[in-house]
Amino acid sequence: MKKGVITTNPLRIRIPRTVEHVHNYGKISRYFRELAQHRVLATSCVNPKCLRPKTYLPPRADCPECWEPMEWKLVGSDGTKGKIATFSVVHYPGAGYEEDIKRVGSKLPSIIVYVEFPGADTKIMSRLENCDPKNVFIGMEVEARFWKNTAIRQRATHTCLDLYFVPA
Ligand SMILES: [Zn+2]
């Protein structure tokens, strides 16, 4: 990849960098292992003494209210269907984003969505594919998809790029 000007209006420049990043997922390692098995898991606080027990997706290892360990669970009917809570259409991506979506066979403009799953108290950020940006709307029913074992990619990345959504 060469350094230099990509476009002049808007001005976009490429600055190649090489950085090796070792990331430890710790107690939420299971979330990324399950994504590679085509499952989206949330975590719930099951402490009966918790004042505000919630279900988190993306998961949290320990409850932010009572600090007790959380329990893993599927949300919704089968853990794959939700609704768009909000979205944004990306025309001018930040550093690395365009390369990331190219790796999974996607392109710009890209639709970033926050998906609300039944039974989850938080929303998960991801991308919406197979949808014209003109047709996306808040409340649209969507379904989780996984890149592993597709024509695009056989192996999991063990990152949030392993998951995306399509209109249901
Ligand atoms: Zn709790």
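To be clear, the structure that these remarks concern was listed above.
Reference entry: report on the structure contained in this document.

Conventions we followed
Residues numbered from 1 in each chain as written. Predicted model: local features only at pLDDT ≥ 70, side-chain atom pairs only at ≥ 80, totals over all residues. Pairing = 2+ DSSP bridges. Helix = DSSP H or I, 4+ residues; strand = E, 2+ residues; numbered from the N terminus.

**Points about the pairing of strand 6 (residues 81-90)**
Next up, step 1: Of the pairings in the sheet, the one linking strand 6 to strand 9 (residues 141-146) comprises three bridges and is antiparallel in character. What sits directly across from Lys83, in strand 9, is Glu141.
Next up, step 2: Pairing of strand 6 with strand 7 (residues 110-116) involves seven bridges; the strand directions are antiparallel. By the bridge assignment for strand 7, Thr86 is matched with Tyr114.

**Things to note about the sheet that holds strand 4 (residues 55-56)**
Next up, step 1: Pairing within the open sheet is antiparallel, and its three strands lie in the order 4-3-5. Sheet topology places strand 4 and strand 5 (71-74) at the edges, where each strand pairs with a single neighbour.
Next up, step 2: Looking at chain direction, strand 3 (residues 41-44) and strand 5 are connected through four bridges and run antiparallel. Looking at strand 5, one finds that Ala42 is bridged to Lys73.

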